[in-house]
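# Summary of structural features
Each chain, letter by letter, is given below.
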Amino acid sequence: DRIEIFGHGGGRKEAERLKIPFLGEVPIYTEIREGGDRGVPVVISSPDKPEGQAFLKVAEALRKKLG
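Attention in this report is confined to the structure presented alongside it. (Residues numbered from 1 in each chain as written. Predicted model: local features only at pLDDT ≥ 70, side-chain atom pairs only at ≥ 80, totals over all residues. Heavy atoms only, no water.)

## Thoughts on the overall build of the chain
Formally: Labels follow the DSSP assignment, with helices taken as runs of H or I lasting at least four residues and strands as runs of E lasting at least two, numbered in each case from the N terminus. Residue contacts follow a heavy-atom distance rule, with two residues in contact if any of their heavy atoms lie within 4.5 Å. Shrake-Rupley sampling with a 1.4 Å probe provides the accessible areas, and residues are treated as covered by the protein chains on show and by no other component. In this tally, Lys and Arg are treated as positive and Asp and Glu as negative; His is ignored, and so are the chain termini. Charge placement uses NZ in Lys and CZ in Arg. For Asp and Glu, CG and CD serve respectively.
What the chain contains, in helices and strands, is 4 helices and 2 strands. Mapped from its N terminus to its C terminus, the chain presents α and β elements in the order β-α-β-α-α-α. Over its C-alpha atoms, taken along the principal directions, the chain stretches across nearly 35 × 30 × 20 Å. Restricting the contact set of the chain to residue pairs at least 6 apart, pairs at least 24 apart contribute 43%. Entry remark: accessible area of the chain is about 5200 Å², with carbon and sulfur atoms responsible for 57%. Between the averaged position of the 12 positive side-chain charges in the chain and that of its 11 negative side-chain charges there is a distance of 7 Å.

## Considering the pattern of salt bridges
Keep this limit in mind: Throughout this description, the term salt bridge denotes a Lys or Arg side-chain nitrogen within 4 Å of a carboxyl oxygen of Asp or Glu. Exposure classes here rest on a 1.4 Å probe applied to the protein chains alone. A residue is buried below 20% of its type maximum, exposed above 50%, and partly exposed in between.
Scanning the entire structure with this criterion turns up 4 salt bridges. Note that E14 and R17 form a salt bridge whose closest N and O atoms lie 2.6 Å from each other. You can see E14 and its partner R17 sitting in helix α1 (residues 10-18), 3 residues apart, about one turn around the helix. A relative accessible area of 35% means that E14 is categorised as partly exposed. Assessed through its relative accessible area of 55%, R17 is described here as exposed. Measuring nitrogen to oxygen at the nearest pair gives 2.8 Å for the salt bridge that ties D37 to R33. Highlighted residues: D37 and R33, both in helix α2 (residues 30-38), separated by 4 residues, approximately one helical turn.

## Here we look at the environment of L56
Here L56 shows up in helix α4 (residues 50-66). Residue classification places L56 among the partly exposed residues on the basis of a relative accessible area of 36%. In this structure, the C-alpha to C-alpha distance between L56 and A15, residues 41 residues apart in sequence, is 19 Å. When near neighbours in sequence (up to four residues on either side) are disregarded, L56 contacts V43 and P47.

## Remarks on α4
Condition: To estimate the expected span of a helix, count its residues, drop one, and scale the result by 1.5 Å. Think of it as the arc spanned by the lines of direction from the helix axis to the C-beta atoms.
In a regular helix each residue adds 1.5 Å, so 17 residues correspond to 24 Å; α4 covers 24 Å between its end C-alpha atoms and thus fits that length. Residues E51, G52 and A54 constitute the buried set of α4. Angularly, the buried residues of α4 cover 160° about the axis, an arc narrow enough to put them on a single face. Across α4 from its buried face, at more than 90 degrees, point the exposed residues P50, K57 and K64.

Right, dumping it as structure tokens:
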């Protein structure tokens, strides 16, 4: 389940306020914590699930910014 313990949209608003690129967001999923505990990144164990896609989208946005 997606858990938004810090709310939603704050990172984007702060990036806009600071006039810096917003690269994306990574919601807190139980699978991310469990994968970290096992030493298996969620982008390896679940690349097609929303939790893996969140990291991949941020990585792609960063790649585009860096060229």
